[in-house]
Amino acid sequence: MDIASSSLSQAHKVVLTRQPSSRVNSCSLGSVSAIGFSLPQISSPALAKCRRKQSSSGFVKACVAVEQKTRTAIIRIGTRGSPLALAQAYETREKLKSKHPELVEDGAIHIEIIKTTGDKILSQPLADIGGKGLFTKEIDEALINGHIDIAVHSMKDVPTYLPEKTILPCNLPREDVRDAFICLTAASLAELPAGSVVGTASLRRKSQILHKYPALHVEENFRGNVQTRLSKLQGGKVQATLLALAGLKRLSMTENVASILSLDEMLPAVAQGAIGIACRTDDDKMATYLASLNHEETRLAISCERAFLETLDGSCRTPIAGYAAKDEEGNCIFRGLVASPDGTKVLETSRKGPYVYEDMVKMGKDAGQELLSRAGPGFFGN
């Protein structure tokens, strides 16, 4: 559906009201804006004006600018309709325009919203309805069928296999990979009273939380976009939640962050913070456009992490975390983790080697094989 006709053309800014007694850690967020939700770099004159108004719930609503399709597009971008997915699509559009003058004209790039099964079914855990591929399947089908030219994905939603007739040759520069702690009454997980409920749909987060803080409870089916989850927290359904800091930065919603968890406290999901862009295997024109955007350091890190995940045959039923990065000497440092769903057992490993594709993929696979061997059959409770 066109953005102009989409019922998803409005997004909610959610600013949490903290309890007066709450102590909040000061977080170093660099120059990140903390003024609330916005879609960055929306400057086309074809975009409708937005009006901000106060809703009856007390939250500020900000409309997502409407893009009119005024000409035959050179590039049709497919994306989900959530505010974060749209922010990522707009980021992709602006990077393409900055690199290619022929794409600057209004209507040269058209953004197509595609609703996925994962967006439609929010009442069940992801694992019960088919796993993370549900956030990419319909978009991939539109790509294969020629309804769109490129597909913009959050890389952590992309299965380790790609559909036939598609390639994923481009990763944009990676955002901060850490998780953010969001709470109205405490500054960290350690400060939450015993019995407090933490909301998260991620088994990775659940297992690491319960491993370190077994007195806490985790609400597993805590799903929805960022705004929905913050509204649930504000409404008292849970006492705290964890969200990817990358998404909050892209939405300019870091004012809701109580503290940022270190990598030692919470190892991130494979490919967290990374945007991937796919095209058809036979579309050399789009492949050339995407090659101009690719951030090779990010692509190599993601390749290492996904090799680890593929070796473990990871799904939404398996708590898995992995992170690869370049150290000060230019080498790849990889850390991987698997856990039992209840957090009673956590196995970790690490690797160091050259920051070269073949070596990094080998590191990821080798780390996965080690943890498979150490875990043994039945470790994940499947």
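Treat the numbers as computed from the prediction; the structure is a model and nothing was measured. (Residues numbered from 1 in each chain as written. Predicted model: local features only at pLDDT ≥ 70, side-chain atom pairs only at ≥ 80, totals over all residues. Heavy atoms only, no water.)

A. Fine view of the overall build of the protein chain. A count of helices and strands for the protein chain gives ten helices and 16 strands. Here the protein chain holds 382 residues, and the buried ones make up 54% of them. (Helix = DSSP H or I, 4+ residues; strand = E, 2+ residues; numbered from the N terminus. Buried < 20%, exposed > 50% of the residue type's maximum accessible area, 1.4 Å probe, protein only.)

B. Region of interest: the packing of aromatic side chains. According to the stated counting rule, one finds one aromatic pair in the structure shown. Summarising the aromatic geometry, the rings of phenylalanine 308 and phenylalanine 334 are spaced 5.0 Å apart at their centres and angled 65° between planes, so their arrangement reads as edge-to-face. Taken together, the residues phenylalanine 308 in helix H9 (residues 296-312) and phenylalanine 334 in strand S15 (residues 331-339) connect sequence positions 26 residues apart. The exposure class of phenylalanine 334 is buried, given its relative accessible area of 0%. (Phe/Tyr/Trp six-rings, centres within 6.5 Å; stacked < 30°, edge-to-face > 60°.)

C. Spotlight on the packing of H9 against helix H10 (residues 357-375). Two elements in contact, H9 and H10, have axes whose closest approach is 7 Å; the angle formed by their N-to-C orientations is 30°. One element, H9, and the other, H10, form an angle in the roughly parallel class. Note on packing geometry: the crossing formed by H9 with H10 is right-handed. Contacts from Arg299, Leu300, Ala301, Ser303, Cys304, Ala307, Phe308, Thr311 and Leu312 of H9 reach H10 at Tyr357, Met360, Val361, Gly364, Lys365, Ala367, Gly368, Gln369, Leu371 and Leu372. Its residues assigned to classes, the contact of H9 with H10 shows twelve nonpolar, five polar and two charged. (Axes fitted to C-alpha atoms, helices over the stretch in contact; angles between N-to-C directions. Parallel < 35°, antiparallel > 145°, perpendicular 65-115°, else oblique. Left-handed = near helix turned anticlockwise from the far one by under 90°. Contact = heavy atoms within 4.5 Å. Nonpolar A, V, L, I, M, F, W, Y, C, P; charged D, E, K, R; others polar.)

D. Seen up close, the pairing of strand S8 (residues 179-183). Burial runs high along S8: five of the five residues are buried. What you see with S8 is no split at all: Asp179, Phe181 and Cys183 on one side and Ala180 and Ile182 on the other are buried throughout. Relative to strand S11 (residues 240-244), S8 runs antiparallel, the two sharing five bridges. Each bridged residue has a counterpart across the sheet, and for alanine 180 the counterpart in S11 is leucine 243. Relative to strand S12 (residues 259-260), S8 runs antiparallel, the two being bridged by two bridges. Within S12, the position partnered with alanine 180 by the bridge is isoleucine 260. (Pairing = 2+ DSSP bridges.)

E. Main features of the pattern of salt bridges. Under the criterion given, the structure shown has 22 salt bridges. With a shortest N-O distance of 3.7 Å, arginine 250 and glutamate 91 are connected by a salt bridge. Placement of the pair is arginine 250 in helix H7 (residues 245-250) and glutamate 91 in helix H1 (residues 83-99), with a sequence separation of 159 residues. Of the two residues, arginine 250 and glutamate 91, neither departs from the other in class, the shared state being buried. When the shortest N-O distance is used, the salt bridge between lysine 249 and aspartate 176 registers 3.7 Å. With lysine 249 in helix H7 and aspartate 176 in the loop between strand S7 (166-171) and S8, this residue pair connects regions lying 73 residues apart in the sequence. Taking the relative accessible area as the measure of exposure, lysine 249 reaches 17% and is therefore buried. Residues joined in a network through salt bridges with shared partners are Arg76, Asp149, Arg280 and Asp283. (Salt bridge = Lys/Arg side-chain N within 4 Å of Asp/Glu carboxyl O.)

F. Just the sheet that holds strand S10 (residues 217-219), in detail. Across the sheet, which stays open at both edges, the five strands sit in the order S10-S9-S11-S8-S12 with mixed pairing between neighbours. The open sheet has two edge strands with one neighbour each: S10 and S12. Bridging between strand S9 (residues 197-199) and S10 involves three bridges; their strand directions are parallel. Following the sheet pairing, valine 198 is matched in S10 by valine 218. The strands that helix H5 (residues 203-212) touches are S8, S9, S10 and S11; relative to S11, the one it contacts most, it runs at about 130°. Against the sheet, helix H6 (residues 226-234) engages S8 and S11, with an angle of about 165° to S11.

G. Spatial organisation of H9. With 17 residues, H9 extends 25 Å from end C-alpha to end C-alpha; this agrees with the ideal 24 Å at 1.5 Å per step. Within H9, 13 of the 17 residues are buried, which leaves it mostly tucked inside the rest of the structure. In the stretch just after H9, aspartate 313 is the one whose phi turns positive, near 55°. (Expected span 1.5 Å × (residues − 1).)

H. How the structure looks around the sheet that holds S7. Reading across from one edge, S5-S4-S6-S13-S7 is the order of the five strands in this open sheet, with mixed pairing throughout. Among the strands making up the open sheet, the edge pair consists of strand S5 (109-113) and S7. If you compare each strand with its neighbour and ignore which way they point, the axes differ by 30° on average. Pairing of strand S6 (residues 150-154) with strand S13 (residues 275-280) involves five bridges; the strand directions are antiparallel. Bridge assignment links valine 152 to a residue of S13, and that residue is isoleucine 277. Its contacts with the sheet place helix H4 (residues 137-144) against strand S4 (75-79), S6, S7 and S13, and it is angled at close to 165° to S6.

Worth remembering: the numbers are spatial, not functional.
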